[in-house]
Amino acid sequence: MSSTGDVMPLCQSATALSIGSLSMRDPEVTSRIMSAVSSRDTAPEVALRSALWKEGLRFRIKSTLFGKPDIVFPGPRVAVFVDGDFWHGNAWRIRGMASFDAQFEHINNGERWKKKIHRNMERDLAVNNKLSGDGWHVYRVFESRLKRDLDGVIREISDLISSRRKDRTPQIGDRGRPKENPCQGR
C-alpha cells in the first residue's frame with residue numbers, strides 16, 4: 001500500500017512491468033521461481049508412475065540410459081519421458097499463441113529463452129535417435145496431455161509394452177527350444 005492507503009497496481013510495482021496481457025518480472029524474481037522448478041518427481045511424473053503401477057506395469061525410475069528417461073521398462077525396452085510444456089517447446093500451443101516465437105516477444109531475455117528451449121528440443125531429438133538406434137522405443141508425453149488424458153496415456157503405454165513384449169518373445173517348439181525363423185538369413 002502507498003502512504004495514502006491506496007493499493008499499488010502490479011504494473012507499478014518494482015517486480016513487474018505490465019505490457020498488454022503479459023508482464024515482465026524482475027530477473028531476480030524469475031530466477032527465484034525457476035530455481036524452485038523441480039526436474040525430477042514432478043506432479044505429472046508422479047501421477048503417471050502411480051497410474052502405471054496401479055495398472056500392474058512395473059518399471060524403473062533410475063537408469064543409466066542416455067537422456068535419463070523418467071520411466072524405463074527394461075524388458076520391452078521402452079523409455080518414457082514426461083516433458084514440461086514450457087521447457088520442451090509446447091507452451092505456445094497451450095497459451096493460444098500464434099507461434100513458438102510469439103511467446104518470447106515481450107519477456108525479459110526472450111532470445112536467450114528461445115535459444116535454451118530450442119537446444120532442449122534438439123537434445124530431445126538426439127536422445128530419441130540414439131535410444132531408437134539402440135533398440136529402444138521412446139514415448140514422450142507433455143505434462144498438459146497427462147493432465148487432460150491420463151487414462152489415454154496409460155492405455156497407449158500399456159499397449160506399447162504389450163506389443164513390444166510379444167515382438168521379443170521367442171516361439172517355443174515341441175521340444176522346449178525356440179522354433180527356427182524361416183525368414184532368418186534372407
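Residues numbered from 1 in each chain as written. Predicted model: local features only at pLDDT ≥ 70, side-chain atom pairs only at ≥ 80, totals over all residues. Heavy atoms only, no water.

**Brief notes about the overall build of the protein**
What counts here: A run of H or I in DSSP counts as a helix once it spans at least four residues, and a run of E counts as a strand once it spans at least two, with each numbered from the N terminus. Accessible area is worked out with a 1.4 Å probe on protein chains only. A residue is then buried under 20% of its type maximum, exposed over 50%, and partly exposed in between. In this description, contact between two residues means that some pair of their heavy atoms is separated by no more than 4.5 Å. Computed with a 1.4 Å probe, the accessible areas rest on the Shrake-Rupley method; for each residue, only the protein chains presented here act as cover.
Looking only at helices and strands, one finds five helices and five strands in the protein. Starting at the N terminus, the α and β elements of the protein follow one another as β-β-α-α-β-β-α-α-β-α. Scored against the burial criterion, the 186 residues of the protein give a buried share of 32%. Considering only contacts within the protein whose residues lie at least 6 apart along the sequence, 52% involve residues at least 24 apart. For the protein, the accessible surface area stands at approximately 12700 Å², while carbon and sulfur atoms represent 51% of it.

**Considerations on the pattern of salt bridges**
What counts here: Whenever a carboxyl oxygen of Asp or Glu lies within 4 Å of a side-chain nitrogen of Lys or Arg, that contact is scored as a salt bridge.
In the structure shown here, the tally under the stated rule is nine salt bridges. A salt bridge links Glu45 to Arg49; its shortest N-O distance comes to 3.0 Å. Pair noted here: Glu45 and Arg49 are both in helix H2 (residues 43-54), with a separation of four residues, about one helical turn. Look at Glu45 and you get buried, because its relative accessible area is 2%. When the shortest N-O distance is used, the salt bridge between Lys130 and Asp134 registers 2.8 Å. Residue classification places Lys130 among the partly exposed residues on the basis of a relative accessible area of 38%. In this structure, a network of salt bridges that share partners links the residues Asp83, Asp124 and Arg140.

**Examining the sheet that holds strand E4 (residues 78-83)**
As a reminder of what qualifies: At least two DSSP bridges between two strands are needed for those strands to be called paired. Here the axes come from fitting lines to C-alpha atoms, over the contacting stretch only for helices, and the angles between their N-to-C directions go from 0 to 180 degrees.
As summarised here, the arrangement of the three strands in space is E3-E4-E5, forming an open sheet in which the pairing is mixed. Strand pairing shows two members of the sheet lacking a second neighbour, strand E3 (71-73) and strand E5 (137-142), which therefore form its edges. In this sheet, adjacent strand axes meet at a mean angle of 15° when their direction is disregarded. Note: E3 against E4, three bridges, orientation antiparallel. Across the sheet, residue Ile71 finds its bridge partner in E4, namely Val80. On top of the sheet, helix H4 (residues 110-133) reaches E4 and E5; it is set at about 150° to E5, its chief contact.

**Details of the confidence of the model for the protein**
Short version of the rule: The score called pLDDT rates the predictor's confidence residue by residue, from a low of 0 to a high of 100.
In this model, the protein carries an average pLDDT of 79, and 70% of its residues clear a pLDDT of 70 or more. The least confident element of the protein, judged by mean pLDDT, is strand E1 (residues 16-19) at 41; the most confident is E3 at 97. Segment residues 1-22: pLDDT under 50, and 22 contacts once partners within four positions in sequence are set aside and those in other chains are kept. Counting contacts from residues 171-186, a segment whose pLDDT is below 50, to residues more than four positions away or on other chains yields nine contacts.

**Points about H4**
Definition in use: Residue count minus one, scaled by 1.5 Å, sets the expected span of a helix.
Relative to the 34 Å expected for 24 residues at 1.5 Å per residue, H4 spans 35 Å between its end C-alpha atoms, a close match to the ideal helical length. If you check which residues of H4 are buried, you get Gly110, Trp113, Lys114, Ile117, Asn120, Asp124, Val127 and Leu131. Trailing H4 by a residue or two, Gly135 shows a phi angle of about 90°, which is positive.

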